[in-house]
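Structural overview for review
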Amino acid sequence: MSTKDLSSVSPSSSRPSVTAKLINGGVAGLVGVTCVFPIDLAKTRLQNQHGKDIYKGMIDCLMKTARADGFLGMYRGAAVNLTLVTPEKAIKLAANDFFRQLLMEDGMQRNLKMEMLAGCGAGICQVVVTCPMEMLKIQLQDAGRLAAHRQGSASAPAPSSSRSYSTGSASTHKRPSATLIAWELLRTQGLAGLYKGLGATLLRDIPFSIIYFPLFANLNNLGFNESTGKASFAHSFVSGCVAGSVAAVTVTPLDVLKTRIQTLRKGLGEDSYSGITDCARKLWIQEGPSALMKGAGCRALVIAPLFGIAQGVYFIGIGERILKCFE
């Protein structure tokens, strides 16, 4: 019995086309983000706060956000994610499939080193979309924390050392929009402004993909059913959840650094960072090593269902079904 199908991210018995892979990745991203975005918002705010002066944890953050901004306040920044997550997830999953087939003799042999290399390629490809998407999303997600920080502080203006995406004083305390932030960054810093934190994003996403894709493939292989030629839907879903949560928690320190570096507006007394090394050094000295694991639980709760849903969508073959409707 060939293990060709099990060595691919897509557990379908027939190899899906590139178009189907892109549709599957996009649908998975849209469904997943809609389900877990409030937890991702809590993760960003917890990672950015110094100590526990505003939020004591994920539940406390979500409750305070709901009280201050209503239910929709927990989805602040979701529009950016929902717009760009389709190409981001589609590129990530399709690139991994492509590199696996390229490096592993059309997927016929299992090779951990090649699986990790394929994951590395997928991580590199996705940052083209991931970096600007998260750059914009983080500003929108963190706006509520900054508002709460201002209310709890005796002083108003942010330190002059911190950059702001808003150059006019009248707009300092207005609710930001993704369009405004993107325009200001492009106007003042060019395309490089949208790719601030690119190195940190690569440093997070490449190890994540190296861990996730081989781990999923091997976990999914444990549920191989000879009669159907693939693992069951439940097994693929659980495999995606487990692999996603393990990879997410493992790279949490890198995610914390990326979040801090990409946050443009700072609260009173909060540092700006010149790069990855500077951020890691200040974080370690001022907040201790435990600060590098801020939001680890949130990340696991976000990534696990996100990739579980992704594998479920691939299993069902939604992309293939949609394409058949147009034949």
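Anything mentioned here points back to the structure above.
Residues numbered from 1 in each chain as written. Predicted model: local features only at pLDDT ≥ 70, side-chain atom pairs only at ≥ 80, totals over all residues. Heavy atoms only, no water.

1. Brief notes about the overall build of the protein chain
Our working definition: Secondary structure elements are defined from DSSP: runs of H or I of at least 4 residues count as helices, runs of E of at least 2 residues count as strands, and each element is numbered from the N terminus. When accessible area is computed with a 1.4 Å probe and restricted to protein chains, residues below 20% of their type maximum are described as buried, those above 50% as exposed, and intermediate ones as partly exposed. Only heavy atoms enter the contact rule, under which two residues are in contact if any of them lie within 4.5 Å. All accessibility values rest on the Shrake-Rupley procedure with a 1.4 Å probe; residue burial counts only the protein chains present in the view.
Scanning the protein chain for helices and strands turns up 12 helices and two strands. The 327 residues of the protein chain split such that 52% are buried. Residue pairs in contact within the protein chain that sit at least 24 positions apart in sequence constitute 81% of those at least 6 positions apart. As presented, the protein chain carries roughly 14200 Å² of accessible surface, and 66% of it is formed by carbon and sulfur atoms.

2. So, the pattern of salt bridges
Heads up, the rule is: Definition used for salt bridges: Asp or Glu carboxyl oxygen within 4 Å of a side-chain nitrogen of Lys or Arg.
Enumeration according to the criterion identifies 19 salt bridges in this entry. Notably, a salt bridge pairs Lys 137 with Asp 40, separated by 2.8 Å at the nearest N-O pair. Of this pair, Lys 137 sits in helix H4 (residues 112–151) while Asp 40 sits in helix H1 (residues 18–48), and the two are 97 residues apart along the sequence. Exposure class is identical for Lys 137 and Asp 40. Each is buried. Lys 282 is the salt-bridge partner of Asp 278, the closest N and O atoms lying 3.3 Å from each other. Linking Asp 278 with Lys 282, this pair stays in helix H10 (residues 276–287), spanning four residues, or about one helical turn. What makes Asp 278 buried here is its relative accessible area of 12%. Each member of the salt-bridge network shares a partner with another, and the members are Asp 40, Lys 43, Glu 134, Lys 137, Arg 204, Asp 205, Asp 255, Lys 258 and Arg 299.

3. Quick notes on the environment of Arg 265
Checked against the element boundaries, Arg 265 lands in the loop between helix H9 (252–262) and H10. On the basis of relative accessible area, Arg 265 is assigned to the buried category, the value being 12%. Sequence-wise, Arg 265 and Asp 142 are 123 residues apart; in three dimensions their C-alpha atoms are separated by 8.7 Å.

4. What to know about the packing of helix H7 (residues 198–221) against H9
Here is the rule we go by: Where helices are involved, their axes are fitted lines through C-alpha atoms of the stretch in contact, as for all axes, and angles between N-to-C directions lie from 0 to 180°. Comment on the angle field: the value is read as roughly parallel under 35 degrees, roughly antiparallel over 145, roughly perpendicular from 65 to 115, and oblique elsewhere. By definition, turning the near helix anticlockwise from the far helix through less than a right angle yields a left-handed crossing, and turning it clockwise yields a right-handed one. We call Asp, Glu, Lys and Arg charged. Ala, Val, Leu, Ile, Met, Phe, Trp, Tyr, Cys and Pro are nonpolar, and the rest, Gly among them, are polar.
Between H7 and H9, whose axes approach to 8 Å, the crossing angle comes to 155°. Classified by the angle between their axes, H7 and H9 sit roughly antiparallel to one another. In terms of crossing hand, the pair formed by H7 and H9 is left-handed. Only Leu 254, Asp 255, Lys 258, Ile 261 and Gln 262 of H9 make contact with H7, whose side of the interface consists of Ala 200, Thr 201, Leu 203, Arg 204 and Pro 207. When grouped by side-chain class, the residues that make up the contact of H7 with H9 number five nonpolar, two polar and three charged.

5. Some words on the packing of H7 against helix H11 (residues 296–316)
At a closest axis distance of 13 Å, the pairing of H7 and H11 adopts a crossing angle of 50°. Regarding the angle of H7 to H11, the classification is oblique. With respect to the hand of their crossing, H7 and H11 are arranged in right-handed fashion. Residues Arg 204, Phe 208, Tyr 212 and Phe 216 of H7 touch H11, and the partners they reach there are Arg 299, Ile 303, Phe 307 and Gln 311. Per-class residue counts for the contact of H7 with H11 are five nonpolar, one polar and two charged.

6. Focus: the packing of aromatic side chains
For clarity, the cut-off: Within 6.5 Å between ring centres, the rings of Phe, Tyr and Trp (the latter by its six-membered ring) count as paired, and their orientation is classed by plane angle as stacked under 30 degrees, edge-to-face over 60, tilted in between.
By the definition in use, this model includes nine aromatic pairs. A ring pair is formed by Phe 37 and Tyr 75, whose centres lie 6.1 Å apart and whose planes are at 15°; its orientation type is stacked. In this pair, Phe 37 is assigned in helix H1 and Tyr 75 in the loop between helix H2 (58–69) and helix H3 (78–103), connecting sequence segments 38 residues apart. Judged by relative accessible area, Tyr 75 falls into the partly exposed class, the value being 23%. One aromatic cluster in this structure is built from Phe 208, Tyr 212, Phe 213, Phe 216 and Phe 307.

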